[in-house]
Amino acid sequence: MYSELFHALPEVLSLTNFLAVVIGVVAGIVVGALPGLSATMAISVLVPFTFGLEPLVALGLMAGIYNGAMYGGAIPAVLLRIPGTPAAVATSFDGYPMAQKGEGGFALQVAVVSSCIGGIASAIALMLLAPPLSKVTLLFGPSEVFWVAVFGLCSIIFLLGGNVVKGLISACFGVFVSVVGSDPIFGTDRYTFGQLELLDGISIVILLVGLYALPPVIDLLESPLKTEAANESLGTEPIWRTLPRMARFRKTWLRGSILGIWIGILPGAGGSMAAFMSYNEARRTSKTPETWGKGEPEGVAAAEVANNADTASALIPALTLGIPGTAVAAVMLGGLLIHGLQPGPMLFRDNPDIVFGFMWQFLFGAILLFFLGGSLATNSFAKVLKLPRPLLGSVIIVLMLIGVYSIHGRMFDVYLMLGFGAVGYIMDKLDFPLPPVVLGLILGAFAEENLRLALRIGRGDWSILFRNPTSLVLVAMTLAVVFGPGLKRRILGRRGTARQT
């Protein structure tokens, strides 16, 4: 089968197919950089227009957009603390403080190099490990997936730092938002208050734009002169000169790539969980964890390498089993079906040139990020900080309104976004962490649905959650996250007392 992989390469390198990847990467960067837009939305709009194209041209556009958008979301996350995509939330933790210190250009360079490395690792995993790794997903039934979600929530609450109680409240708010809409099992309405627009739940894009975009814009307009100092120096020296400074991120890149690939293979997890888990793990193992959240470049590297390592690997269960790992993968399956390609084991037997060519396109899209992303970000987008702050704030608000309205074409979403913006502004002033809200929304419904499925399979017997060895490993990891920091502080405290005596 691997000989067919190289047999597909010449077709991918043809001018038309390669140009499709280039155009897709550029379009993806632009889409990802616009708050409120996403790779899922861009590919959803693109799919109907690819009907008359050759399959590899259409798939090349999709692969390019996916790679470009996952990096593009880091641009507003770094420069404005507004994640362009859900997966870029963790990037803003240290990227935005770096921009405030005049290192916005370097933060974007770290992001693009990390995105490139994560994307390459993900594409290689898709190429070499799709058939054998697809079997790994069979180990994760509803109970195991439930514990993965619980582990992700506990990680962000207990390892992010700050006030654990406030983190828990924020996460609970996110979980509450996640259950709004129709019950996933019985279809009954929950917390819709008679509003038909809430039957499908609350879009994460609306929540992200409200929580993460409005508060900094309000601050921007309230004190337009406060951030002018950040305009003087963006630190945008040539990227090849900054590469030696990134050499210390080697372990972070390796660990984040492995985490991202693993999370991508799990159906439903997505790049957001991968970025959070990679960020938390890198911070946990850092020798200077106190600098994280204040402008630590390694934090940007950890988040970006993981959320890009999730891209191609999410297609492993999609192509081999027909189970999309992310929303984007689900849209891409629709693109395959439009061109008469049925996902599953037979896809590799009946259309090897197309499926392996698609894998090559993911690899080339990731490599192109280094050249196209580096140039666009550091030389163009970074200059956005030099715009007058009132003008910049007004432009951002207009983009937010257009992006949110374009999701479903209704004003209700705009009002909902403004409501979340008010909540985010209050939480920001009271020092409530926002990341647990986002992860609570992402993982809340995910955990609930799998918990209920597991209990239905076990006929109400809760012991089903602990029967599988995989579940027990995940439970142990969760307990380590919850109680580990407290035990560590107690041990260090005893050592300090012993030294004093």
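Shown above is the structure to which this text applies.
Each value, and the rule that gives it
- Residues numbered from 1 in each chain as written.
- Predicted model: local features only at pLDDT ≥ 70, side-chain atom pairs only at ≥ 80, totals over all residues.
- Heavy atoms only, no water.
- Helix = DSSP H or I, 4+ residues; strand = E, 2+ residues; numbered from the N terminus.
- Buried < 20%, exposed > 50% of the residue type's maximum accessible area, 1.4 Å probe, protein only.
- Contact = heavy atoms within 4.5 Å.
- Polar contact = N/O pair within 3.5 Å; in protein donor to acceptor, adjacent residues only side chain to side chain.
- Core = buried A, V, L, I, M, F, W, Y, C linked by side-chain atoms within 4.5 Å.
- Axes fitted to C-alpha atoms, helices over the stretch in contact; angles between N-to-C directions.
- Left-handed = near helix turned anticlockwise from the far one by under 90°.
- Patch = residues over 30% accessible without salt bridge, like charges linked within 9 Å, V, L, I, M, F, W, Y side chains within 5 Å.
- Areas by Shrake-Rupley, 256 points an atom, 1.4 Å probe, with all protein chains shown as cover.
- Salt bridge = Lys/Arg side-chain N within 4 Å of Asp/Glu carboxyl O.
- Expected span 1.5 Å × (residues − 1).
- Arc of directions from axis to C-beta.
- Phe/Tyr/Trp six-rings, centres within 6.5 Å; stacked < 30°, edge-to-face > 60°.
- Lys NZ or Arg CZ within 6 Å of the ring centre and 35° of its normal.

*Asks:* So, the overall build of the chain: which residues are in play, and what are the values?
*Replies:* Tallying secondary structure elements over the chain gives 23 helices and two strands in all. Across the 501 residues that make up the chain, the buried fraction comes to 56%. Of the contacts made within the chain by residues no fewer than 6 positions apart, 80% connect residues no fewer than 24 positions apart.

*Asks:* Summarise the side chain of Arg190; cite the residues concerned and give the values.
*Replies:* Considering the arrangement of structural elements, one finds Arg190 in strand β2 (residues 189-190). Separated by 3.2 Å, the side chain of Arg190 and the backbone oxygen of Val179 make a polar contact. A distance of 2.5 Å separates polar atoms of two side chains, one belonging to Arg190 and the other to Glu448. When neighbours within four sequence positions are excluded, Arg190 is seen to be in contact with Val179, Val180, Gly181, Ser182, Asp183, Pro184, Glu448 and Arg452.

*Asks:* Provide a residue-level description of the nonpolar core, including the pertinent values.
*Replies:* Counting 96 residues, the largest nonpolar core has Tyr71, Tyr212, Met400 and Leu443 as the members making the most contacts within it. Looking at this core, the element that brings in the most residues is helix α22 (residues 435-457), giving 11 residues. One finds Leu9, Ile43, Leu59 and Leu333 within the second-largest nonpolar core, a separate group that totals 50 residues.

*Asks:* Could you give me a rundown of unusual backbone geometry, with the residues and numbers involved?
*Replies:* Its identity is not glycine, yet Tyr191 carries a phi of approximately 55 degrees, on the positive side. Position of Tyr191 relative to the elements: it lies in the loop between β2 and α11 (204-222). Taking the relative accessible area as the measure of exposure, Tyr191 reaches 45% and is therefore partly exposed. Positive phi is not limited to glycine here, since Asp431 has a value of about 65 degrees. Assignment of secondary structure puts Asp431 in the loop between α21 (411-429) and α22. With relative accessibility at 59%, the residue Asp431 sits in the exposed group.

*Asks:* Tell me about the packing of helix α13 (residues 250-265) against helix α15 (residues 297-313), and name the residues and values.
*Replies:* Between α13 and α15, whose axes approach to 7 Å, the crossing angle comes to 35 degrees. Handedness of the crossing formed by α13 with α15: right-handed. In this structure, α13 uses Thr252, Trp253, Gly256, Ser257, Gly260, Ile261, Ile263, Gly264 and Ile265 to contact α15, whose residues at the interface are Glu298, Ala301, Ala302, Val305, Ala306, Ala309, Asp310 and Ser313.

*Asks:* Explain a nonpolar patch on the surface to me, using residue names and the numbers behind them.
*Replies:* On the surface, a cluster of nonpolar side chains totalling about 480 Å² of accessible area is made up of Leu401, Tyr405, Met411, Tyr415 and Leu418. The dominant element in the nonpolar patch, judged by the number of residues it contributes, is α21, at three residues. Within the secondary structure layout, Tyr405 lies in helix α20 (residues 389-408). Assessed through its relative accessible area of 39%, Tyr405 is described here as partly exposed.

*Asks:* I'd love a proper account of helix α10 (residues 164-178), names of residues and values included.
*Replies:* Its 15 residues place the ends of α10 21 Å apart at the C-alpha level, agreeing with the 21 Å of an ideal helix rising 1.5 Å per residue. By the burial criterion, the buried members of α10 are Gly167, Ser170, Ala171, Gly174, Val177 and Ser178. One side of α10 holds all its buried residues, which, seen down the axis, span an arc of 115 degrees.

*Asks:* Describe the pattern of salt bridges, and please don't skip the residues or the numbers.
*Replies:* Inspection of every chain in the model, using the stated rule, returns nine salt bridges. For Glu448, the salt bridge identified is with Arg190, shortest N-O distance 2.5 Å. Placement of the pair is Glu448 in helix α22 and Arg190 in strand β2, with a sequence separation of 258 residues. Judged by its relative accessible area of 17%, Arg190 is buried.

*Asks:* Outline the packing of aromatic side chains, listing residues and values.
*Replies:* Throughout the structure, instances matching the rule amount to 13 aromatic pairs. Between Tyr279 and Trp292, the aromatic rings sit 5.2 Å apart at their centres with planes inclined by 75 degrees, giving edge-to-face as the arrangement. Linking Tyr279 in helix α14 (residues 271-285) with Trp292 in the loop between α14 and α15, this pair joins segments that are 13 residues apart in sequence. Residue class for Trp292 comes out buried when judged on its relative accessible area of 4%. Aromatic ring contacts, followed pair by pair, group Phe93, Phe276, Tyr279 and Trp292 into a single cluster. A cation sits over an aromatic face here: Lys166 above Phe432, 5.3 Å from the ring centre. Residue placement shows Arg245 over the ring face of Phe106; its charged tip is 3.8 Å from the ring centre.

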